[in-house]
Amino acid sequence: MTTLDGYQIDDRMDDRTDPGQAPQPQGGPRREALGARRRAVAALFDPVTCRHLEELGVGPGWRCWEIGAGGATVAAWLAKKVGPTGKVVLTDTDVSWAEAATRPVESRVHRLGRDEPPGEGFDLVHARLALVGAPDRERALRTIIRALRPGGRLLVEDADLELQPLLCPEESGPEQQLANRLRLGLRRLLAEHGVDLAYGRRLPGLLREAGLRRVEADVYFPLASEACGELEVATVGQHREALVAAGVATAEEIDRHLAHVATGTMDLAATPLVSTRARRP
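Every value quoted in this text rests on a predicted model; they were computed, and no experiment measured them.

A. A look at the packing of helix α7 (residues 226-245) against helix α8 (residues 251-263). α8 packs onto α7 with a crossing angle of 180 degrees between their chain directions and a minimal axis gap of 11 Å. In terms of orientation, α7 lies roughly antiparallel with respect to α8. Each of G229, E232, V233, V236, R240, L243 and V244 in α7 lies in contact with α8, whose residues at this interface are A251, I254, D255, H257, L258 and V261. Here the contact of α7 with α8 is composed, by residue class, of eight nonpolar, two polar and three charged.

B. Structural detail: the pattern of salt bridges. Scanning all chains against the criterion turns up 18 salt bridges. Measuring nitrogen to oxygen at the nearest pair gives 2.9 Å for the salt bridge that ties R128 to D46. Of this pair, R128 sits in strand β6 (residues 122-128) while D46 is found in helix α1 (residues 28-56), placing the two residues 82 residues apart along the sequence. The buried category is assigned to D46, whose relative accessible area is 12%. Several salt bridges converge on common partners, so that one network encompasses R51, E55, E216, D218 and R277.

C. Geometry of the pairing of strand β9 (residues 273-279). Most of β9 is tucked away: six of the seven residues are buried. In this sheet, β9 lies alongside strand β7 (residues 148-159) in antiparallel orientation, the contact comprising seven bridges. When the bridges of β9 are listed, L155 appears paired with R277. Of the strand pairs in this sheet, strand β8 (residues 213-220) and β9 are connected by six bridges, and their pairing is antiparallel. Paired with V219 across the strands is V274, a residue of β9.

D. Structural context of the nonpolar core. Core analysis: the largest hydrophobic core is formed by 30 residues, its most contacted members being I67, V125, L131, I144, L154 and L207. Elements that contribute at least two residues to this core include exactly β3 (63-67), β6, α4 (137-146), β7 and α6 (199-209). When neighbours within four sequence positions are excluded, L154 is seen to be in contact with L56, V125, I144, I145, L148, L207, L212, T276, R277 and A278. Residues V82, L90, W97 and L155 belong to the second largest nonpolar core, which totals 19 residues.

E. Seen up close, the packing of helix α5 (residues 174-192) against α7. Between α5 and α7, whose axes approach to 11 Å, the crossing angle comes to 60 degrees. With respect to α7, the element α5 is oriented oblique. α5 and α7 meet at a crossing whose hand is left-handed. Residue-level inspection shows L182, R183, L186 and L189 of α5 in contact with α7, the latter providing E232, T235, H239, A242 and L243. By residue class, the composition of the contact of α5 with α7 is five nonpolar, two polar and two charged.

F. The arrangement of the side chain of N180 in detail. Inspection of the secondary structure puts N180 in helix α5. You can call N180 buried: its relative accessible area is 2%. One polar contact links N180 to E171, side chain to side chain, over a distance of 2.8 Å. Among all residues touching N180, those that are not within four sequence positions of it are L166, L167, C168 and E171.

G. Local environment of the environment of T85. The residue T85 is located in the loop between α2 (73-82) and β4 (87-92) in this model. The class of T85 is exposed, set by a relative accessible area of 62%. Each C-alpha atom, one on T85 and one on P60, is 6.5 Å from the other, the two residues being 25 residues apart in sequence. In contact with T85, other than residues within four places in its own chain, are P60 and G61. Side-chain polar atoms of T85 contact the backbone nitrogen of G61, separated by 3.2 Å.

Conventions used here
- Residues numbered from 1 in each chain as written.
- Predicted model: local features only at pLDDT ≥ 70, side-chain atom pairs only at ≥ 80, totals over all residues.
- Heavy atoms only, no water.
- Axes fitted to C-alpha atoms, helices over the stretch in contact; angles between N-to-C directions.
- Helix = DSSP H or I, 4+ residues; strand = E, 2+ residues; numbered from the N terminus.
- Parallel < 35°, antiparallel > 145°, perpendicular 65-115°, else oblique.
- Contact = heavy atoms within 4.5 Å.
- Nonpolar A, V, L, I, M, F, W, Y, C, P; charged D, E, K, R; others polar.
- Salt bridge = Lys/Arg side-chain N within 4 Å of Asp/Glu carboxyl O.
- Buried < 20%, exposed > 50% of the residue type's maximum accessible area, 1.4 Å probe, protein only.
- Pairing = 2+ DSSP bridges.
- Core = buried A, V, L, I, M, F, W, Y, C linked by side-chain atoms within 4.5 Å.
- Left-handed = near helix turned anticlockwise from the far one by under 90°.
- Polar contact = N/O pair within 3.5 Å; in protein donor to acceptor, adjacent residues only side chain to side chain.

Quick look at the structure:
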């Protein structure tokens, strides 16, 4: 599993993964980078996600499927909302990171777009930063919708990397120019590996085409947050070798960029998150 700015890209850029098997848990620096990414994603996006979930009416007794590309924090929040009479199932390609942190939550290994859903009749399915990187986005979306009960709520939140493609929207100097060169180079790598850079904006239409009702969406665009810097450090750390190999930047330039980020003086942006919610008829 690899990521861009917090967004799961599954194994599209990892040729070490056997397509017929779930990715194996990662250790060492890679696990540390993934942990840093999850913490930054939670800090940036949990308030937006939880607002939408509140408005969808999540409450006691609900059965929820949380697709865990962003970590376990939303699953833990849901567990408190549904209480002892409800149920929360958290899935990801590797759930070893979640097992100790979310004991009230049932965690399962699941490959979105390949495996069948972990159950049926869910009152809520939530997927954040997961579909854009699924091996088969159409199948993944069908799987999610099929898991809902009639009247069940769906919240899908995903990236739109074309709405705002820059790391530094205010390109005021050489530091910002270097940052934007790295961001644009990584976007090109993702596009070459089949990632739909405009997927977020397509979600409302895709859900209407699938027959869902009450489709609504909004966009959240974080800017000048400490968590944006933490997310950038984790992202560049994960993709450092790929960026150098593709000629996007030298190792020295990447080190210089990370040093600039560490100063906290640049206004960094995370990629816009499109939150789309709907109901199954």
